[in-house]
Amino acid sequence: MGGVAADQAGYRLYQDLAAWWPLISPPEEYAEEAAFAGRLLRRADRPVREVLELGSGGGHCASHLAPGFTMTLVDLSAGMLAVSRRLNPDCAHVEADMRTVRLGRDFDAVFVHDAVDYMTTEDDLRLVIETAFSHCRPGGVAVFVPDNITENFEPGTGYGGIDGADGRGARYLDWSYDPDPRDTWTLTQYAFLLREPGGEVRVVHEAHRLGLFGRDSWLRLLREAGFRAAVVTEETTEDRRPREFFTGHRPPRPGQRRPGQRRPAGEPGRT
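For clarity, every value in this text was computed on a predicted model and none was experimentally measured.

Looking at the secondary structure, you find His-60 in helix α3 (residues 60-65). For His-60, a relative accessible area of 3% puts it in the buried group. Between the alpha carbons of His-60 and Glu-206 there is a distance of 22 Å; along the sequence they are 146 residues apart. With residues near it in sequence (within four places) discarded, His-60 still touches Trp-21, Pro-22, Ser-25, Pro-26, Pro-27, Tyr-30 and Leu-87.

Quick look at helix α5 (residues 122-134) now. The terminal C-alpha atoms of α5 lie 18 Å apart, and with 13 residues this matches the ideal 18 Å at 1.5 Å per residue to within 8%. Listed as buried for α5 are Asp-124, Leu-125, Val-128, Ile-129, Thr-131, Ala-132 and Phe-133. Contacts from the buried residues of α5 go to β1 (50-54), β4 (107-112), β5 (136-144) and α6 (215-225).

A few words now on the sheet that holds strand β6 (residues 156-160). Remark on secondary structure: sheet strands pair via backbone hydrogen bonds, oriented parallel or antiparallel. Spatially, the four strands line up as an open sheet ordered β6-β7-β8-β9, and their pairing is antiparallel. The open sheet has two free edges, formed respectively by β6 and β9 (201-211), since each of these has just one partner strand. Looking at each pair of strands side by side, their axes are set apart by 15° on average, direction ignored. In this structure, strand β8 (residues 185-195) lies alongside β9, joined through 11 bridges in antiparallel fashion. Paired with Thr-186 across the strands is Leu-210, a residue of β9.

Turning our eyes to something else, we now look at helix α2 (residues 31-41). Turning to α2, its buried residues number three or more, namely Glu-33, Ala-34, Phe-36, Ala-37, Gly-38, Leu-40 and Leu-41. On its buried side, α2 packs onto β1, α3, β4, β5, β10 (228-233) and β11 (244-249).

Once that is clear, we can look at a nonpolar patch on the surface. A cluster of nonpolar side chains, Leu-193, Val-201 and Val-203, forms an exposed patch at the surface whose accessible area comes to about 280 Å². If you trace the backbone, Val-203 turns up in strand β9. Its relative accessible area of 60% is what places Val-203 among the exposed residues.

Cut-off values and rules
- Residues numbered from 1 in each chain as written.
- Predicted model: local features only at pLDDT ≥ 70, side-chain atom pairs only at ≥ 80, totals over all residues.
- Heavy atoms only, no water.
- Helix = DSSP H or I, 4+ residues; strand = E, 2+ residues; numbered from the N terminus.
- Buried < 20%, exposed > 50% of the residue type's maximum accessible area, 1.4 Å probe, protein only.
- Contact = heavy atoms within 4.5 Å.
- Expected span 1.5 Å × (residues − 1).
- Pairing = 2+ DSSP bridges.
- Axes fitted to C-alpha atoms, helices over the stretch in contact; angles between N-to-C directions.
- Patch = residues over 30% accessible without salt bridge, like charges linked within 9 Å, V, L, I, M, F, W, Y side chains within 5 Å.
- Areas by Shrake-Rupley, 256 points an atom, 1.4 Å probe, with all protein chains shown as cover.
- Salt bridge = Lys/Arg side-chain N within 4 Å of Asp/Glu carboxyl O.

Here it is, written out as structure tokens:
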């Protein structure tokens, strides 16, 4: 979980623990999924150069996408944005809520990684999708990456973390389950072990409430916002279940050509 975008900004992971994020979830672990997302971003009906990422967190996905795109990164956590600025100094950073932010400009594509999981109601998820649509140019695409959908959620545990060159080290254990399958959220319990350079270790526990929506709900909300909606199964070499990426293509303007599409004979050139 790399970003935050709603009332969950109060979680310690995104506040006083934000500086530990590169040790809890290292940037290099995002290379494969960012590459797959990049391929989907390039499937827009227009050349994709400028990309807006909503819920960018510590900028770990952006660190892999930025070499190919001009990135603007939006997150509600000032601490996570500080981490991202060190990793992605050439990217623009904006502190704002992905549900309500309006930058007064548009982009060739919009990317929303797993910070979208913090939308625990359909109303909040609708607001994020509307934000993406409002910032997406005609012919552009929005790509959303929820960790789970209703059809494939399974309770489970995970762990990770690394040691840093500065003597710090971090390890975590997560435990995810669904207290009530009738609603639209699940619960993940996190335990963090954080070692300071002097060897002192402290333990932090907190529970995160994460949204869970069905495939049909995702596709319906994307269509209601004005997108042509689709779902794409992730290609991954990791030992886990592939995720379902949701794409929303904003229809091109009348007469707008797709990248590589040849101009009809007799049509004048445009600048």
